[in-house]
Amino acid sequence: LPGFRRIQFTPDLLPSDITGVTVFEADSNTFDFRRGPIFAHIVLGDEINRTSPKVQSAMLEAMAEKQVTVDNVSHPLDDLFLVIATQNPQDLAGTYPLPVAQLDRFLFKIKMDYIDRDAEIDVLNSRTQRQQAPEHLPRVTREEVLGARAAIAHQVALSPLINACLVDIARAIRSSPEVAQGISTRSLVLMAPAMQAAAMMAGRDFVSEEDVARLAPYVFAHRLSLAPGAHDAFSVVKNCVAGPVEALSRATLRGPR
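The paragraphs below set out a description of the structure included in this document.

Observations concerning the packing of aromatic side chains
Overall, the coordinates contain three aromatic pairs when judged by the stated rule. Look at Tyr218 and Phe234: their rings are 5.2 Å apart centre to centre, the planes differ by 75°, and that puts the pair in the edge-to-face class. Taken together, the positions of Tyr218 in helix H10 (residues 209-220) and Phe234 in helix H11 (residues 233-249) put the pair 16 residues apart, joining distant regions of the chain.

Set out below in structure tokens:
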């Protein structure tokens, strides 16, 4: 499989342009499946909101089950399969909102604002140098990434108290008067490896309340459907997280693995 593929989402894109299509081969008198760009280790969906929800939904099975089904035949994806997507919220003309089911497949949503003045000046000053690809950059293999993922899962402790806190957060979000539709159980399951990775990057071998509080808005906010009058899902999540995290901070999280 190719390591990286980019898909430019446009209004005329078809689901088969992503997943692939079955083609009749006249020479062999058989049907041959031609794989689409979804068959890669890392897939970048550029401006994913510029195509119809039907095309966006073509990625649902791939992102949830790591497989693609075409003509009643399922084709497995690689264990390293990962989707990154961008969208431009400033220009609403010619865009389509992502279905709730599609949003639920994305672990994080990170908003990017304009960079500061010094950084913008540095972008202009380093334009010529950046046109040349740097050489001798350190690289990691597929096996190293999968090995690191397995090591984090087995060596970073996740206390049952953390799981209870996540459920309490979910219940607080679902019962909030500012929320019309709360977060799914899927989001709680996906939160676990994210917290373990955050703990590892912080130099800890156990997940703490800091990891919960830091990641929760980025994992849960884009999954909410807000009630009329509510406008900031990020703030809603932070308010709902405060109580369960405060209770969690009084508990002992380091325990036997």
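Following the structure, the description resumes.
Thoughts on the pairing of strand S4 (residues 42-46)
For strand S1 (residues 4-8) and S4, the ladder comprises five bridges, and the chain directions are parallel. Counted as the bridge partner of Gln8 is Asp46 from S4. As paired elements, S4 and strand S7 (residues 82-85) share four bridges and run parallel to each other. Bridged to Val43 within S7 is Val83.

Description of a nonpolar patch on the surface
Among the surface-exposed residues, Phe108, Ile110, Met112 and Tyr218 lie close enough to one another that they form a single nonpolar patch of about 470 Å² accessible area. Relative to the helices and strands, Ile110 resides in the loop between helix H4 (100-103) and helix H5 (117-125). Overall, the relative accessible area of 62% leaves Ile110 in the exposed class.

Analysis parameters
For every chain, the first residue of its written sequence is number 1, and the numbers climb from 1 along that sequence. Only residues with pLDDT of 70 or above have their local features reported here, since the model is predicted, and side-chain atom pairs are shown and tallied only from 80 upward, although totals for entire chains, interfaces and linings are computed over all residues. Side-chain figures throughout are based on the complete set of non-hydrogen atoms in the structure, without hydrogens or water. Note on aromatic pairs: the rings of Phe, Tyr and Trp (six-membered ring only in Trp) are paired at centre separations within 6.5 Å, and the planes decide the class, stacked below 30 degrees, edge-to-face beyond 60, tilted for the rest. Secondary structure elements are taken from DSSP: a helix is a run of H or I of four residues or more, a strand is a run of E of two residues or more, and numbering for both begins at the N terminus. Any two strands are treated as partners once DSSP identifies two or more bridges connecting them. Like charges within 9 Å and nonpolar side chains (Val, Leu, Ile, Met, Phe, Trp, Tyr) within 5 Å are joined into patches, using only residues over 30% in relative accessible area that form no salt bridge. Throughout, the Shrake-Rupley method with a 1.4 Å probe supplies accessible areas, and for residues the shown protein chains are the sole cover considered. Salt bridge, as applied in this entry: a Lys or Arg side-chain nitrogen positioned within 4 Å of an Asp or Glu carboxyl oxygen. For the exposure calls, accessible area comes from a 1.4 Å probe over protein chains only, and a residue counts as buried if that area is under 20% of its type's maximum, exposed if over 50%, partly exposed in between.

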